[in-house]
Number of protein chains: 2
Amino acid sequence: MPTAAATRSDALRNRAKLVAAARQLFAKNGVEVSVEEITRHAGVGMGTLYRHFPTKDELIDAVLEDAFDEIIGLAEEAAESADAWAGLTGFFERLLELHAQNRGVKDIVALREHGARRADAMRARLRPLLARIVERAHEQGTLRADFTPDDLPLIFWTANRVIELTHDVAPNYWRRYLALLLDGLRPAAATPLPAAPLTRAQLTRALGRLHR
Amino acid sequence: MPTAAATRSDALRNRAKLVAAARQLFAKNGVEVSVEEITRHAGVGMGTLYRHFPTKDELIDAVLEDAFDEIIGLAEEAAESADAWAGLTGFFERLLELHAQNRGVKDIVALREHGARRADAMRARLRPLLARIVERAHEQGTLRADFTPDDLPLIFWTANRVIELTHDVAPNYWRRYLALLLDGLRPAAATPLPAAPLTRAQLTRALGRLHR
DNA sequence: CAGAAAACGGAGTGGTCACTCCGTTTACCG
DNA sequence: CGGTAAACGGAGTGACCACTCCGTTTTCTG
């Protein structure tokens, strides 16, 4: 009776070393660090990396799994908040703090089609949570009525840009940007908007552009 | 009496062909088109390009000269507007329209240190004009008091990001974003901001990050 | 403890890019 | 025209990237 071959101990060890090295490097420099640098940090060869992960994106996916969970947690917490506006703004503050201290996070939303199983799953779980917060904020009259859940990526995209540009130089400047933008989302500030929100299909296609 | 050698006619012609080809390609695809593609479109060899322009950035600089002038023109027009708020918002609308139809424009602010003589000059001319508009809007009470001229790049940076991501898919979506953000800049919308504006030095360093 | 299967490492491949070098062609002057 | 300096073109260079291939080493099993 042929037992399904158990994974060898060195294989397990090396996989763990790779993930640990990648986690550290992604946090410091974003996912664009070269695979060569990752293997060097992990003390293994290129072949080892590509035996464990068919592609760099798959490694990214594996490394960012924790971050996925953390983000989902933030959204669940936000959805439970009695004050929907506070929940929404708090969610963005936390999410962007995460990005500010871990540059890998910014790419979570953006992983390429292929190695993005977990990222897709995360987005799918996130969507209804955020939709509910927006809906409840509308009901509570604390969010302008013409703002839709599909406008949310706008906040993430643009604040990420601010973080990328200013984090090394003024690590809290993004908070100023976020405050300015949020002030425009209050019902009292609303003036008629000149263009429609994105459709789901448009949003998906825009997501594809996130990679350079 | 040795006359200073007059430039040969073919050299002049080829230089013009290069600039024309680059202008067209930059507008359609942004400045990241390869030099090989530029020479192919111009119908000249690589050597010819690099005899006329010591570096790709110098070529970019030459090509975007017109756009520089156009932007300065927009700012002057805005500075003359009696209603400073209308001038400011109009300026950004026009500037971003320019970007939406000419992808090269987005890089104007960002040219690398070296081949950026003209870009630097443009920024230097732009700064006092924009500072005046902001000041007058403050006087007229149409812009929140805690918004400074050094916060203006925020609008450009973030709106550019929206254009890059959505232009092919929803060419006017950036207008929606701009409207949301501007609604946050009105005095009535203002809540206290959690972080200071960038200093001039910080701004300069952040500019350096614009190139990926 | 032996030998087969599994895992390893890292030089090598193929792609892209900006930029260079030099044999060939062209324009201009007398 | 004819000779010469200027300008030309494009294959080649080197740097970087993700990814592959295969001779060598390690682990585990009987």
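Within each chain, residues carry numbers counting from 1 in the order of the written sequence. As a convention, the first chain written is A and the first ligand written is 1, with the rest following in written order. For a predicted model such as this one, the threshold for reporting local features is a pLDDT of at least 70, and the threshold for listing and counting side-chain atom pairs is 80 or more; totals across whole chains, interfaces and linings nevertheless cover every residue. For side-chain calculations, the full set of non-hydrogen atoms in the structure is used, while hydrogens and water are omitted.

1. Quick notes on the protein's contact with DNA strand C
Proximity is defined per residue: if any heavy atom of the residue lies within 4 Å of a molecule or strand, that residue is considered near it. Taken together, 24 residues surround DNA strand C, and among them A:Arg8, A:Asn14, A:Thr48, A:Arg51 and B:Met46 come closest. When the atoms of DNA strand C within 4 Å of the protein are grouped by moiety, sugar and phosphate amount to 61% of the total. By the criterion applied in these results, polar contacts are pairs of N or O atoms within 3.5 Å in which, for protein atoms, one can donate a hydrogen and the other can accept it, and in which residues neighboring in sequence qualify only through two side-chain atoms. Measuring from a phosphate oxygen of DNA strand C, one finds a backbone N or O atom of A:Asp10 at 3.4 Å. Taking B:Ser9, its main chain carries an N or O atom lying 2.9 Å from a phosphate oxygen of DNA strand C. For the surface near DNA strand C, the secondary-structure elements that each account for two or more residues are helix H1 (9–29) and helix H3 (46–52) of chain A together with helix H1 (9–29) and helix H3 (46–52) of chain B. A total of five residues in the surface near DNA strand C trace back to one element, the largest contributor, which is H3(A). Split by residue class, the surface near DNA strand C holds seven nonpolar, eleven polar and six charged. Comment: elements are numbered from the N terminus, with helices defined as DSSP H or I runs of at least four residues and strands as E runs of at least two. Gly falls in the polar group here, along with every residue not listed as nonpolar (Ala, Val, Leu, Ile, Met, Phe, Trp, Tyr, Cys, Pro) or charged (Asp, Glu, Lys, Arg).

2. Brief notes about the protein's contact with DNA strand D
The full set close to DNA strand D counts 25 residues, and A:Met46, A:Lys56, B:Arg8, B:Asn14 and B:Arg51 are the nearest of them. Considering DNA strand D, the proportion of its atoms within 4 Å of the protein that are sugar or phosphate atoms stands at 62%. Within the side chain of A:Arg8, an N or O atom sits 3.0 Å from a base oxygen of DNA strand D. Measuring from a base nitrogen of DNA strand D, one finds a side-chain N or O atom of B:Arg8 at 2.5 Å. Listing elements by their share of the surface near DNA strand D, those giving two or more residues are H1 and H3 of chain A together with H1 and H3 of chain B. Looking at the surface near DNA strand D element by element, the count peaks at five residues for H3(B). Among the residues forming the surface near DNA strand D, the class breakdown is seven nonpolar, eleven polar and seven charged.

3. Focus on the pattern of salt bridges
Any Lys or Arg side-chain nitrogen found within 4 Å of a carboxyl oxygen on Asp or Glu counts as a salt bridge. Tallied over the full model, the rule gives 25 salt bridges over all chains. Between A:Arg125 and A:Glu76 there is a salt bridge; the shortest N-O distance is 3.6 Å. Of the two residues, A:Arg125 is situated in helix H7 (residues 117–139) and A:Glu76 in helix H5 (residues 65–80); the sequence distance between them amounts to 49 residues. For A:Glu76, a relative accessible area of 34% gives the class partly exposed. Here the salt bridges do not stand alone but share partners, grouping A:Arg144, A:Asp146, B:Asp183 and B:Arg186 into one network. Burial here depends on accessible area, computed with a 1.4 Å probe over protein chains only, as a share of the maximum for the residue type. Under 20% is buried, over 50% is exposed, and the range in between is partly exposed.

4. Topic: the interface of chain A and chain B
With 44 residues of chain A in contact, the opposing surface of chain B contributes 44 residues. Here chain A and chain B share an interface that buries about 4100 Å² over both sides, 65% of which is from carbon and sulfur atoms. Buried area is calculated as the accessible area (1.4 Å probe) missing from two parts once they are joined, with the contributions of both summed. On the chain A side of the interface with chain B, the three residues burying the most area are A:Leu165, A:Arg176 and A:Leu180, jointly 19% of the side's total. Between A:Asp151 and B:Arg176 there is a salt bridge, with its nearest N and O atoms 2.7 Å apart. At the surface where chain A touches chain B, the tally comes to 17 residue pairs in polar contact (both at pLDDT 80 or more). Sorting the residues of the side of chain A that touches chain B by element identifies helix H8 (152–166), helix H9 (173–183) and helix H10 (200–208) of chain A as the ones contributing at least two each. Across the side of chain A that touches chain B, the residue classes break down as 23 nonpolar, seven polar and 14 charged. Any two residues whose heavy atoms approach within 4.5 Å are treated as being in contact.

5. Let's talk about the environment of B:Val134
By the secondary structure assignment, B:Val134 is in helix H7 (residues 117–139). It is 9.2 Å that separates the C-alpha atoms of B:Val134 and B:Leu152, two residues lying 18 residues apart in sequence.

6. Things to note about the packing of aromatic side chains
Residue and element names in this part refer to chain A. A pair of aromatic rings is counted whenever rings of Phe, Tyr or Trp (Trp by its six-membered ring) have centres within 6.5 Å, and the orientation is called stacked for planes under 30 degrees apart, edge-to-face for over 60 and tilted otherwise. If you walk through the whole model with that rule in mind, you get two aromatic pairs over all chains. Centre to centre, the rings of Phe 91 and Phe 92 are 5.4 Å apart; their planes meet at 70 degrees, and the pair counts as edge-to-face. Here Phe 92 falls in the buried class, since its relative accessible area comes to 3%.

7. So, the relation of the copies chain A and chain B
Mapping chain A onto chain B is achieved by rotating through 180 degrees and translating by 0.0 Å along the same axis, at an RMSD of 0.1 Å. The transformation relating the two chain copies, once decomposed into turn and shift, fits a two-fold axis. Within chain A, A:Gly184 has its C-alpha nearest the rotation axis, a separation of 1.8 Å. Same-surface contact between copies: 100% of interface residues of chain A are shared with the interface of chain B. A least-squares fit on C-alpha atoms brings the copies together, and the residues used are those whose pLDDT is at least 70 in both copies.

8. A short note on the side chain of B:Thr48
As for its position among the elements, B:Thr48 is in helix H3. The residues touching B:Thr48, leaving out its near neighbours within four places in the chain, are B:Asn14 and B:Leu18.

9. What to know about the nonpolar core
By size, the foremost hydrophobic cluster in this structure holds 144 residues, and its most contacted members are A:Phe26, A:Ile38, A:Trp157, B:Ile38 and B:Trp157. Dropping the residues within four chain positions of it, A:Ile38 is found in contact with A:Leu18, A:Ala21, A:Ala22, A:Leu25, A:Phe26, A:Val33, A:Leu49 and A:Leu59. Joining through side-chain atoms within 4.5 Å is the link that ties buried Ala, Val, Leu, Ile, Met, Phe, Trp, Tyr and Cys residues into a set, and such a set is a nonpolar core.

10. Some remarks on the domain arrangement of chain A
Residue and element names in this part refer to chain A. With domains assigned, chain A is organised as domain 1 (1–54) and domain 2 (63–211). Here the bounds of each domain stem from an automatic or database domain assignment. Centre-to-centre, using C-alpha coordinates, domain 1 lies 31 Å away from domain 2. Contacts between the two partners involve ten residues from domain 1 and, on the opposite side, nine residues from domain 2. Of the roughly 700 Å² buried at the junction of domain 1 and domain 2 (both faces included), carbon and sulfur atoms supply 58%. Of all residues in domain 1, Arg 23, Ala 27 and Val 31 give up the largest surface area on contact with domain 2, accounting jointly for 54% of the area buried on that side. At the junction of domain 1 with domain 2, the criterion picks out two salt bridges. In this structure, the salt-bridge partner of Arg 103 is Glu 32, at a minimum N-O distance of 4.0 Å. For the interface between domain 1 and domain 2, the tally reads four residue pairs in polar contact (both at pLDDT 80 or more). Looking at side-chain class alone, the side of domain 1 that touches domain 2 contains five nonpolar, two polar and three charged residues.

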